[in-house]
Amino acid sequence: MNYPLKQFETKQTPFYYYDLALLDKTLDEIKSHLDKHYHVHYAVKANVNPQVLRHIRQAGLGCDCVSGGEIQACLDAGFKAEDIVFAGVGKSDWEINLGLDADIFCFNVESVPELEIINELAAAKNKTARVAFRINPNVGAHTHANIATGLSENKFGIDMQDMEAVIRRAQDLSHVHYVGLHFHIGSQILEMDDFAALCQRINELQDRLEPAGLLPENINVGGGLGIDYQDPEGRPIPNFRDYFATYANGLKLRPGQQLHFELGRAVVGQCGSLITRVLYVKSNAIKQFCIVDAGMTDLIRPALYDAYHRVVNLSNPEGQRVRYDVVGPICESSDVFVTDYDLPQTNRGDLIALQSAGAYGEIMACQYNCRRLPLAFTSEDI
Ligand code: LLP
């Protein structure tokens, strides 16, 4: 990733910086692996920066939304409603109505009560909503517990064994039309075996649904492909080849079935960094603290998931290495980015990059401590 240091010098920190050339390369790589019956819906929850969205739209991806706000952001960014899918365990009536009014491609439904409300709201508009059922496949994923979603103990989806009854319920309702099955086992998954296990579960389910005449037109396998947080420079583009090959080899699609993906992190994760400035360096008997002006309010992933983001001293890359805890200014002990981390010696005013922050970075920022939200720049406007 290239950092235009000179331009950075004049900016108020902290801010997110997005390298749109890297985003474009990532999108090209994704497209090079797509079959004609594959559809990628970018998981908008990862990042809604308007320029990032524009590049993703121009690459021809659709969107995966989980709120009315996200649907609106996608419509505003020029995505076609027919390329939008809408998931979430708790869709409010206004959000369902927004999806109905826009005529989105599909509601990914997570319970029978939700199905009934969608039917009711669609009936009031004399419309028919296309629905897919989110199934909890009870497949574990090798990732942090907070971002694993496909186990029975998680709140997501409908149990696999209830599927026949649920599909039949949809067929009885006059304002919903069953078009698909939806799955998502978790996020930041690097072991392809986890996705292979999902394929296995889907194959079993399809074998069961086929004799009952309940096969769907669409299968949506969610997202979850991880990125290399340890080596963003060495591996800026995720392993899309193995990811798509796992589904191509593992999933037994029936003729005409369309396969949908909802990739978020893998699309935008590596193209973003949080740029922050060193405020103070202080030491006590056991530690050296590098105190920067970004905090957990700007990038919460280390505090929330113990996540690692590589730290780079942009101002003094060749300096002698010193061991620091890099910490933010927030009044919380968990406001720590890295501990015992070797970094070229830092001084007040140095610019620091927290890398691989393009996904679930800016969008999860909050105003705790009455802080300002971080700004964002891209390689196009700097
Ligand atoms: N589809 C569904 C239904 C999802 O719940 C998610 C993510 C995705 C797709 C996209 O997953 P991805 O391809 O980005 O792994 N804030 C956390 C990640 C939460 C992911 C939630 N769901 C983090 O910072 O790691």
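The rules we used
- Residues numbered from 1 in each chain as written.
- Predicted model: local features only at pLDDT ≥ 70, side-chain atom pairs only at ≥ 80, totals over all residues.
- Heavy atoms only, no water.
- Helix = DSSP H or I, 4+ residues; strand = E, 2+ residues; numbered from the N terminus.
- Rg over C-alpha atoms; globule rule 2.2 N^0.38 Å.
- Buried < 20%, exposed > 50% of the residue type's maximum accessible area, 1.4 Å probe, protein only.
- Areas by Shrake-Rupley, 256 points an atom, 1.4 Å probe, with all protein chains shown as cover.
- Lys, Arg positive; Asp, Glu negative; His and termini not counted.
- Charge placed at Lys NZ, Arg CZ, Asp CG, Glu CD.
- Axes fitted to C-alpha atoms, helices over the stretch in contact; angles between N-to-C directions.
- Parallel < 35°, antiparallel > 145°, perpendicular 65-115°, else oblique.
- Left-handed = near helix turned anticlockwise from the far one by under 90°.
- Contact = heavy atoms within 4.5 Å.
- Nonpolar A, V, L, I, M, F, W, Y, C, P; charged D, E, K, R; others polar.
- Polar contact = N/O pair within 3.5 Å; in protein donor to acceptor, adjacent residues only side chain to side chain.
- Salt bridge = Lys/Arg side-chain N within 4 Å of Asp/Glu carboxyl O.
- 1 Å grid on protein atoms, 1.4 Å probe; cavity = no way out; pocket = protein on both sides within 12 Å on 5 of 7 lines; lining within 4 Å.
- Points joined across faces, edges and corners; volume = space filled by probe spheres on them.
- Phe/Tyr/Trp six-rings, centres within 6.5 Å; stacked < 30°, edge-to-face > 60°.
- Near = heavy atom within 4 Å.
- Expected span 1.5 Å × (residues − 1).
- Core = buried A, V, L, I, M, F, W, Y, C linked by side-chain atoms within 4.5 Å.

Participant: Help me get a handle on the overall build of the chain, residues and values and all.
Facilitator: For the chain, the count of helices and strands is 11 helices and 17 strands. Taking 382 residues into account, the globule formula puts the C-alpha radius of gyration at 21 Å, and the chain, at 22 Å, falls close to it. C-alpha extents for the chain along the principal axes are approximately 70 × 40 × 35 Å. Split into buried and exposed, the 382 residues of the chain put 56% on the buried side. Of the roughly 16,100 Å² of accessible surface on the chain, a fraction of 47% belongs to carbon and sulfur atoms. Across the chain, 34 positive and 49 negative side-chain charges occur, with their mean positions spaced 3 Å apart.

Participant: Explain the packing of helix 8 (residues 192-209) against helix 9 (residues 240-250) to me, and be specific about the residues and the numbers.
Facilitator: Helix 9 packs onto helix 8 with a crossing angle of 25° between their chain directions and a minimal axis gap of 9 Å. In terms of orientation, helix 8 lies roughly parallel with respect to helix 9. Read as a crossing pair, helix 8 and helix 9 show a hand that is right-handed. Residues Met192, Phe195, Ala196, Leu198, Cys199 and Asn203 of helix 8 form the contact with helix 9, whose own contacting residues are Asp242, Tyr243, Thr246, Tyr247 and Gly250. Residues of the contact of helix 8 with helix 9, tallied by class, amount to seven nonpolar, three polar and one charged.

Participant: Let's hear about the side chain of Gln206: which residues, and what values?
Facilitator: Along the chain, the position of Gln206 falls in helix 8. Take Gln206: its relative accessible area is 0%, and that puts it in the buried class. One polar contact links the side chain of Gln206 to the main-chain carbonyl oxygen of Lys252, over a distance of 3.4 Å. With residues up to four places along the chain from it excluded, the contact list for Gln206 reads Leu215, Pro216, Ile219, Lys252, Leu253, Arg254 and Gln257.

Participant: Account for the pattern of salt bridges, with residues named and values stated.
Facilitator: Tallying each qualifying case throughout the model produces 17 salt bridges. Among the salt bridges present, the one from Arg254 reaches Asp207, with a minimum N-O distance of 2.9 Å. Separated by 47 residues along the polypeptide, Arg254 in the loop between helix 9 and strand 10 (258-261) and Asp207 in helix 8 bring together distant segments of the chain. By relative accessible area, which is 42% here, Asp207 ends up partly exposed. A salt bridge links Arg254 to Glu210; the shortest N-O distance between them is 3.1 Å. Of this pair, Arg254 sits in the loop between helix 9 and strand 10 while Glu210 sits in the loop between helix 8 and strand 9 (218-220), and the two are 44 residues apart along the sequence.

Participant: Outline the layout of surface pockets, listing residues and values.
Facilitator: Estimates place the volume of the second largest pocket at around 250 Å³. Lining the second largest pocket are 15 residues, with Gln188, Tyr229, Arg301, Ala307 and Tyr308 sitting closest to its centre. Across the lining of the second largest pocket, the residue classes break down as seven nonpolar, five polar and three charged.

Participant: Let's hear about unusual backbone geometry: which residues, and what values?
Facilitator: At the junction of Thr13 and Pro14, the peptide bond is cis and its omega measures out at -5° in the coordinates. Among the secondary structure elements, Pro14 is positioned in the loop between helix 1 (5-9) and strand 1 (15-18). With a phi angle near 50°, Gln188 is a residue other than glycine that sits in the positive phi range. The residue Gln188 is located in the loop between strand 8 (176-182) and helix 8 in this model.

Participant: Mind laying out the packing of aromatic side chains, listing which residues take part and the relevant values?
Facilitator: Within this structure, the stated rule accounts for 19 aromatic pairs. What links up through ring pairs into an aromatic cluster is the set Tyr38, Phe195, Phe240, Tyr243, Phe244, Tyr247 and Phe261.

Participant: Give a detailed account of the site of the ligand, specifying residues and quantitative values.
Facilitator: Around the ligand lies a shell of 19 residues, among which Ser187, Glu262, Arg301, Tyr305 and Tyr360 are the nearest. Contact distances for the ligand include 2.8 Å between an oxygen atom and a backbone N or O atom of Arg265. Tyr360 is positioned such that a nitrogen or oxygen atom in its side chain is 2.6 Å from an oxygen atom of the ligand. A total of 590 Å² of accessible area belongs to the ligand in isolation, and the protein chains cover 92% of it. Its residues placed into classes, the shell around the ligand shows six nonpolar, seven polar and six charged.

Participant: Now, about helix 8: what can you tell me, with residues and values included?
Facilitator: For helix 8, built from 18 residues, the straight-helix expectation of 26 Å at 1.5 Å per residue is met to within 8% by its first-to-last C-alpha distance of 26 Å. For helix 8, every residue scored as buried is listed here: Met192, Asp194, Phe195, Leu198, Cys199, Ile202, Asn203, Leu205, Gln206 and Leu209.

Participant: Go over the environment of Glu380 with me, naming the residues and quoting the values.
Facilitator: By the element assignment, Glu380 lies in the segment after strand 17 (375-378). Taking the C-alpha atoms as reference points, Glu380 and Val109, 271 residues apart in sequence, are found 38 Å from one another. If near-sequence neighbours (up to four positions away) are discounted, Glu380 is found in contact with Leu20, Gln51, Arg54 and His55. Within the local environment of Glu380, its side chain forms a polar contact with the side chain of His55, the two groups lying 2.9 Å apart.

Participant: Could you give an account of the nonpolar core, naming the residues involved and the relevant values?
Facilitator: By size, the foremost hydrophobic cluster in this structure holds 96 residues, and its most contacted members are Ile56, Phe107, Phe133, Leu181, Tyr247 and Val268. Among the elements that line this core, the one with the most residues is helix 8, at seven residues. Not counting chain neighbours up to four residues away, the residues in contact with Leu181 comprise Ala132, Phe133, Ile135, Met163, Ile167, Leu205, Leu209, Pro216, Asn218, Ile219 and Asn220. Formed by 10 residues, the second largest nonpolar core is a distinct cluster that contains Ile275, Leu314, Ala353 and Phe377.

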